[in-house]
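Geometric and topological summary
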Amino acid sequence: MNFRLMVTTMAVMMALVIPREGATGNGMTELQIPFNITIDYIECLGEGVEIDLEVTARTHFIELQSGRVHYVENWFMEGTASGLSSGFTWFAHGASPFALNAGAAQFSNSLLSNLVFEPLDGGRKFLEKLRLQLVVDANGTVRVEHEPPQFRCANP
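What this report covers is the structure whose coordinates are included nearby.

Topic: the overall build of the chain
Each helix and strand counted, the chain has one helix and eight strands in total. The secondary structure elements of the chain, listed N-terminal to C-terminal, are α-β-β-β-β-β-β-β-β. The proportion of buried residues among the 156 residues of the chain is 35%. When contacts within the chain are restricted to residue pairs at least 6 apart in sequence, long-range pairs at least 24 apart make up 50% of them. Surface exposure of the chain reaches about 8800 Å², of which carbon and sulfur atoms provide 55%.

Section: the pairing of strand S2 (residues 47–63)
Pairing of strand S1 (residues 28–42) with S2, which is carried by 13 bridges, proceeds in the antiparallel orientation. Within S2, the residue paired with Ile37 across the bridge is Ile51. What sits between S1 and S2 in their antiparallel hairpin is a turn of four residues, with Gly46 showing a positive phi close to 80 degrees. Note that S2 and strand S3 (residues 69–83) share 15 bridges and pair antiparallel. Each residue of the ladder has a partner; that of Ile51, found in S3, is Ala81. Between S2 and S3, which pair antiparallel in sequence order, lie five residues; one of them, Gly67, sits at a positive phi of approximately 95 degrees.

About the cut-offs
Think of each chain on its own: its residues are numbered from 1, step by step along the sequence as written. Side-chain atom pairs in this predicted model are given and counted only at pLDDT of 80 or more, local residue features only at pLDDT of at least 70, and totals for whole chains, interfaces and linings cover all residues. Side-chain numbers here rest on the full set of heavy atoms in the structure, without hydrogens or water. Where helices and strands are cited, they refer to DSSP runs of H or I of at least four residues and of E of at least two residues respectively, numbered from the N terminus. Buried, partly exposed and exposed residues are distinguished by accessible area as a fraction of the type maximum, computed with a 1.4 Å probe on protein chains only: under 20%, between the cut-offs, and over 50%, respectively. Contact criterion: two residues are considered in contact whenever any of their non-hydrogen atoms come within 4.5 Å of each other. Where accessible areas are quoted, they stem from the Shrake-Rupley method and a 1.4 Å probe; at the residue level, only the protein chains shown are allowed to cover. Pairs of strands are assigned from DSSP output, requiring at least two bridges between the strands.

The following block contains the structure:
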């Protein structure tokens, strides 16, 4: 499991189990989460990058009288990336919506994260797509299914 996936999974799980002390009357909570990760090699760039992101996670949690829950989380990500060999820099930005509706039975929802890396000093524009699925069975066992991050460069 890569570092970003592990941190993302932990953040989602913490948001589900931590008491809502910071929540307003309407169930909204906002967290700031820093990420730093190094991607060893991105084929279309021909090099690796170091990525520093600040994630603002806004969550809304509602528990209904029926026992079902409704949970919505939106991540707004901004930061920079630096080329490991070229020294190029990029401005990174993106959003990742996540919604969960569940009851006592098994549920499964997926998180799709899309980041755009805009060149600041000569590099190529590139994009990252990350998908993971959170599955919880009726016994409360949590399983994370994921695809490796996908990178692609925009046309020059």
